[in-house]
Amino acid sequence: MADEAKGGIEIHPMDQFIVKPLFGDGAINWYTPTNVTLWLFFAVVAVTLLMVVGTRGRAIVPSRSQSVGEMAYGFVYKMVEDVAGKEGLKYFPYIFTLFMYILLANFLGLIPMSFTTTSHIAVTAVLAGAVFITVTVLGFVKNGAGFLSLFWVSSAPLVLRPILAIIELISYFVRPVSHSIRLAGNVMAGHAVLKVFAGFAASLGVFSFIPIFGIVAIYALEVLVSAIQAYVFTILTCVYLKDALHPHH
Amino acid sequence: MATETTGGTEAAGMPQLEFSTFPNQIFWLVIALIAIYFILSRIAMPRIAAVLAERQGTITNDLAAAEELKLKAVEAEKAYEKALADARAEASQIVAEAKAEIQADLDVELQKADAEIAAKAAESEKAIAAIRESAAESVKEVAKDTAKELVAVLGGKADAKTVTAAVNARMKG
């Protein structure tokens, strides 16, 4: 990337998001191993390292890595229990999978020259879509037609209820969109800004320290955003799950 | 880096909206998620749950044991206090007994000493009385003799009876 900047201020902040085949230069079929594959694999490795290798001691007094694993487990467990209730704990493994994947993929994406899988709409849309479909199906299976009472605000005056029902319905279907774009947008924007600052640093010569300070500050912010977005995605999943389990307002 | 030349047209837009890569991303994502799900639900989560339960159990047991030990400590303290009070009472009793015994001994000794002193005093009085008597006797003798001698020297015939009577009267006087 530094080569391009030498030719003047020519910054390609979005180039980092290009999906490329790992081997050769051909077309990208659905099965082609790409940089997405590689970094998804790293995410799986990271989850394994933290949650399996890190906890191999099974110690009563935990080691550092075991402590971190237990903390993540306890954090998500409490979140599910608090938001979705005791019945929601049945779905804790799925929610924990989502949380660990998003958290570690976000952190892996912060490694310089890495590829951030969670910055792609395709990835987050699959996550959010899976949550949306699961929660909707679950709502109907658990409550039957009673799930529709989620849209019928019984505490509102009767005249307002049809209007509110339409609003609730729209907001319900907007959920997966906001759910997925929030994550991808946050991650993508932060990484693009980092790249823009890096481009400035490459072209400013002596004064490059100014954008480098900027990069440091934004990088710190991005570390925060990585954890917060994983948290937000997970807690929204819990909220949606709660709506499916207890649709009555 | 080789793709950057072909990516020249893409650079204007967003790689995120390159729909031709979607099947690829979705396919690999689903595989990764399934892998993570099985790693977590089969290995990591039962392990962590077991460790957490064990820890909770250990903590509960330790707390119960601590509570028990605390009760024992309170009991031990009570027993100690009681023993201390008993020992104090016993000690004061022993002190009182010893005092009484010593007092009794002392009384006996005092009485004995008093009796002895009284006996000695009476004896001494007797001795003094005897000495006094004998002294008076001697004085009478000397006085009679001296009176007889004086009368004889003065040329009279000393009547033993009158001299004695006169001396006795003088001694009394």
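J.: How would you explain the overall build of chain B if you had to name every residue and give the values?
T.: Regarding its fold elements, chain B presents 3 helices and 0 strands. Scanning chain B from its N terminus toward the C terminus, one meets helices and strands in the order α-α-α. For chain B, the spread of C-alpha atoms along the principal axes amounts to about 190 × 35 × 20 Å. Here chain B holds 173 residues, and 15% of them are scored as buried.

J.: Let's hear about the packing of helix α2 (residues 35–53) of chain A against helix α2 (residues 22–153) of chain B: which residues, and what values?
T.: Here α2 of chain A crosses α2 of chain B at 5°, and the two axes come no closer than 10 Å. Classed by the angle they form, the pair α2 of chain A and α2 of chain B counts as roughly parallel. Here V36, T37, L40, V44, V47, T48, M51 and V52 of chain A of α2 of chain A come into contact with α2 of chain B, specifically with Q25, W28, L29, A32, A35, I36, I39, L40, I43, A44, R47 and I48 of chain B. Split by residue class, the contact of α2 of chain A with α2 of chain B holds 16 nonpolar, 3 polar and 1 charged.

J.: Talk me through the interface of chain B and chain A; I want residue IDs and the actual numbers.
T.: Facing 38 residues of chain B, the contacting portion of chain A comprises 50 residues. For the chain B and chain A pair, buried surface summed over both sides reaches about 4100 Å², with 74% attributable to carbon and sulfur atoms. Linking chain B with chain A are 1 salt bridge, by the criterion used here. One salt bridge connects R55 of chain B with E70 of chain A, and the closest N-O pair in it is separated by 2.8 Å. Between chain B and chain A we count 13 residue pairs in polar contact (both at pLDDT 80 or more) in total. For the side of chain B that touches chain A, the secondary-structure elements that each account for two or more residues are α1 (3–6) and α2 of chain B. Take the side of chain B that touches chain A: its biggest share by element is 27 residues, from α2 of chain B. Of the residues in the side of chain B that touches chain A, the class split is 24 nonpolar, 9 polar and 5 charged.

J.: Please provide a residue-by-residue account of unusual backbone geometry, values included.
T.: Residues and elements named next belong to chain A. A positive phi angle, close to 50°, is found at R58, a residue other than glycine. Here R58 lies in the loop between α2 and α3 (64–84). Positive phi, close to 70°, is recorded for M113, a residue that is not glycine. In this fold, M113 is placed in the loop between α4 (92–109) and α5 (121–143).

J.: Account for the layout of surface pockets, naming residues and giving values.
T.: Here the second largest pocket is characterised by a volume of approximately 420 Å³. Of all the elements in the fold, those that place two or more residues in the lining of the second largest pocket are α4, α5 and α7 (209–245) of chain A together with α2 of chain B. For the lining of the second largest pocket, the element with the most residues is α5 of chain A, which contributes 7 residues.

J.: Go over α3 of chain A, please, and point to the residues and values.
T.: For α3 of chain A, spanning 21 residues, the distance from its first C-alpha to its last is 30 Å, which sits close to the expected 30 Å at 1.5 Å a residue. Restricting attention to buried positions, one finds in α3 of chain A the residues Q66, G69, E70, A72, Y73, V76, M79, V80 and A84 of chain A. Buried residues in α3 of chain A make contact with α2, α4 and α7 of chain A together with α2 of chain B. Looking one or two residues beyond α3 of chain A, the residue adopting positive phi is G85 of chain A, at roughly 85°.

J.: So what about the pattern of salt bridges? Which residues, and what values?
T.: Residue and element names in this part refer to chain A. By the definition in use, this model includes 5 salt bridges over all chains. The residue K78 makes a salt bridge to D82 at a minimum N-O spacing of 3.0 Å. Of this pair, K78 and D82 both sit in helix α3, 4 residues apart, which is roughly one turn of the helix. Since its relative accessible area comes to 53%, D82 is described here as exposed.

J.: Summarise the nonpolar core; cite the residues concerned and give the values.
T.: Counting residues in hydrophobic clusters, the biggest one holds 63 residues, and the most contacted among them are M51, F96, M100, Y101, L127 and F233 of chain A together with L40 of chain B. Breaking this core down by element, the ones donating at least two residues are α2, α3, α4, α5, α6 (161–203) and α7 of chain A together with α2 of chain B. Excluding its chain neighbours within four sequence positions, the residues that come into contact with M51 of chain A are G69, F96 and M100 of chain A together with L40, A44 and I48 of chain B.

J.: Describe in detail the side chain of H120 of chain A, supporting the description with residues and values.
T.: Residue placement: H120 of chain A occurs in the loop between α4 and α5. In this structure H120 of chain A comes out as buried when scored by relative accessible area, which is 0%.

J.: Tell me about a negative patch on the surface, residues and numbers included.
T.: Together, E97, E101, D105, D107 and E109 of chain B make up a region of like negative charge exposed at the surface. Examined against the element boundaries, E101 of chain B turns out to sit in helix α2.

About the criteria used
- Residues numbered from 1 in each chain as written.
- Chains lettered and ligands numbered in written order.
- Predicted model: local features only at pLDDT ≥ 70, side-chain atom pairs only at ≥ 80, totals over all residues.
- Heavy atoms only, no water.
- Helix = DSSP H or I, 4+ residues; strand = E, 2+ residues; numbered from the N terminus.
- Buried < 20%, exposed > 50% of the residue type's maximum accessible area, 1.4 Å probe, protein only.
- Axes fitted to C-alpha atoms, helices over the stretch in contact; angles between N-to-C directions.
- Parallel < 35°, antiparallel > 145°, perpendicular 65-115°, else oblique.
- Contact = heavy atoms within 4.5 Å.
- Nonpolar A, V, L, I, M, F, W, Y, C, P; charged D, E, K, R; others polar.
- Buried area = accessible area lost by both parts, 1.4 Å probe.
- Salt bridge = Lys/Arg side-chain N within 4 Å of Asp/Glu carboxyl O.
- Polar contact = N/O pair within 3.5 Å; in protein donor to acceptor, adjacent residues only side chain to side chain.
- 1 Å grid on protein atoms, 1.4 Å probe; cavity = no way out; pocket = protein on both sides within 12 Å on 5 of 7 lines; lining within 4 Å.
- Points joined across faces, edges and corners; volume = space filled by probe spheres on them.
- Expected span 1.5 Å × (residues − 1).
- Core = buried A, V, L, I, M, F, W, Y, C linked by side-chain atoms within 4.5 Å.
- Patch = residues over 30% accessible without salt bridge, like charges linked within 9 Å, V, L, I, M, F, W, Y side chains within 5 Å.
- Areas by Shrake-Rupley, 256 points an atom, 1.4 Å probe, with all protein chains shown as cover.
- Lys, Arg positive; Asp, Glu negative; His and termini not counted.
- Charge placed at Lys NZ, Arg CZ, Asp CG, Glu CD.

In short, geometric facts, not functional conclusions.
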